[in-house]
Amino acid sequence: MTDSVSPAAADWSADAVAALRALDVRQVAYVPDAGLTRFLELAAAEDGIAMISVATEEDAIAQCCGAWLGGQRALAAMQSSGVGNIPNMLSLPRVCGMPLLMLVTMRGEPGETNPWQKSTGRAVPALLDAMGVELRRVEDPAGAGSALAAAGADAFEEDRRICVQLAQSLIGFKGFHGEGESDA
Amino acid sequence: MLDRRAAVRALLNNRGGDLLVVAGLGAPAWDCTAAGDHDLTFPLWGAMGGAVPIGLGLAIAQPDKRVLVVTGDGEMLMGLGSLTAVGAHKPANLAIVVLDNERYGETGMQRTNTGRGTNLAAVAKASGIPVVATVGSPARLGEAVSLARSARGPVFVTLKIESAMHDLVLPPRDGVQLTGRFRTALGV
């Protein structure tokens, strides 16, 4: 992040929702994360996007595949620990040659206050690579919207499986009762 | 107890282009294939626990079509949480039918927890699915079919079936082909 980034340009959540609209994404299946809060609220305020809170992240992957079978584009959104829940379900879009667009907010990176987040957080690239999902990391909030737009275009137009990974420094660090940094 | 092949034949009888079927892995997929392979059936060979959320995504995408998930008790047990999303969103065009023989059939007929007290229809009801039923007698099969095919959903029906094994009637196993034929038949 540089000093030249204005607050408006750094509103990655609004940019990402604009990208969903441009991609004609009609379903968002998600498990919430503090870092996804504003993004999910803005997406829910849009007409024509079904927001589905799923019990586990693998359901989000399966729902996206069902949406594709029915002719709609969908997004699976989750925090990094959720990636640890999905590898077997990722076989579905991979074996079936279906597109998949994922948005993952990172936990467990340097500055994390919960050590239990670090294990799966560190494993995210290896887990996704093992299951054939391309990972595109974003560290600059000004680039999140365009990264999601490009990932969606590549995924849906070329039947590829792509995850946009938002660095923890981009979304801010979660603290507990005054410990650490403030929520973002 | 119901004969699974007869039950699935009844469920899928006289289907047309307005019925979209997701078939859970193992015997439910074979039952659906035995009833007549169809471009608008998406049979699973894996992705255990995914049948209901696939059906949910499909039902949202195609609100004017009936979406029928036909799966087994083992597969449903792995994805119980997905019933909460169905109950919360309440797609009127989605029906879930679980063929419950209280066994993991594909791995050697080991017992599942539906034979030890888990009541799947009760789980569905408690998850917010408004129409639920458990049917185990041939005399009530017609009622179950009516719920699955035409009642305002979401609908959840447990069919208690005999644990007898049947001939393997395998669907195509190429996932790319299964996806392509489904989307082509649907015109998307």
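Look a little higher up for the structure.
Below: a short report on this structure. (Residues numbered from 1 in each chain as written. Chains lettered and ligands numbered in written order. Predicted model: local features only at pLDDT ≥ 70, side-chain atom pairs only at ≥ 80, totals over all residues. Heavy atoms only, no water.)

**Focus on the packing of aromatic side chains**
Residues and elements named next belong to chain A.
Now for step 1: Within this structure, the stated rule accounts for 3 aromatic pairs over all chains.
Now for step 2: Between Trp68 and Phe156, the ring centres sit 6.3 Å apart and the planes meet at 25 degrees, which makes this aromatic pair stacked. One end of the pair, Trp68, is in helix H3 (residues 57-69); the other, Phe156, is in helix H7 (residues 144-158), and 88 residues separate them in sequence. The residues Trp68 and Phe156 share a single accessibility class, namely buried. (Phe/Tyr/Trp six-rings, centres within 6.5 Å; stacked < 30°, edge-to-face > 60°. Helix = DSSP H or I, 4+ residues; strand = E, 2+ residues; numbered from the N terminus. Buried < 20%, exposed > 50% of the residue type's maximum accessible area, 1.4 Å probe, protein only.)

**Details of the packing of helix H1 (residues 4-11) of chain B against helix H7 (residues 141-150) of chain B**
Residue and element names in this part refer to chain B.
Now for step 1: Following both chains from N to C, one finds H1 and H7 inclined at 45 degrees, their axes separated by 9 Å at the closest point. As judged from the angle between their axes, H1 and H7 are oblique. Handedness of the H1/H7 crossing: right-handed. In contact with Ala6, Ala7, Ala10 and Leu11 of H1, H7 contributes Leu141, Val145, Ala148 and Arg149.
Now for step 2: Of the residues that constitute the contact of H1 with H7, the class distribution is 7 nonpolar, no polar and 1 charged. (Axes fitted to C-alpha atoms, helices over the stretch in contact; angles between N-to-C directions. Parallel < 35°, antiparallel > 145°, perpendicular 65-115°, else oblique. Left-handed = near helix turned anticlockwise from the far one by under 90°. Contact = heavy atoms within 4.5 Å. Nonpolar A, V, L, I, M, F, W, Y, C, P; charged D, E, K, R; others polar.)

**Section: the interface of chain B and chain A**
By a widespread convention, an interface's size corresponds to the accessible area lost as its parts come together.
Now for step 1: In this assembly, 26 residues from chain B lie in contact with 22 residues from chain A.
Now for step 2: The contact between chain B and chain A buries some 1,900 Å² in all, and 68% of this surface belongs to carbon and sulfur atoms.
Now for step 3: On the surface where chain B and chain A come into contact, there are 0 salt bridges.
Now for step 4: Of all the secondary structure elements, the ones that give two or more residues to the side of chain B that touches chain A are helix H3 (51-61), helix H5 (82-89) and helix H8 (175-186) of chain B.
Now for step 5: Here the element with the most residues in the side of chain B that touches chain A is H3(B); it accounts for 7 residues. (Buried area = accessible area lost by both parts, 1.4 Å probe. Salt bridge = Lys/Arg side-chain N within 4 Å of Asp/Glu carboxyl O.)

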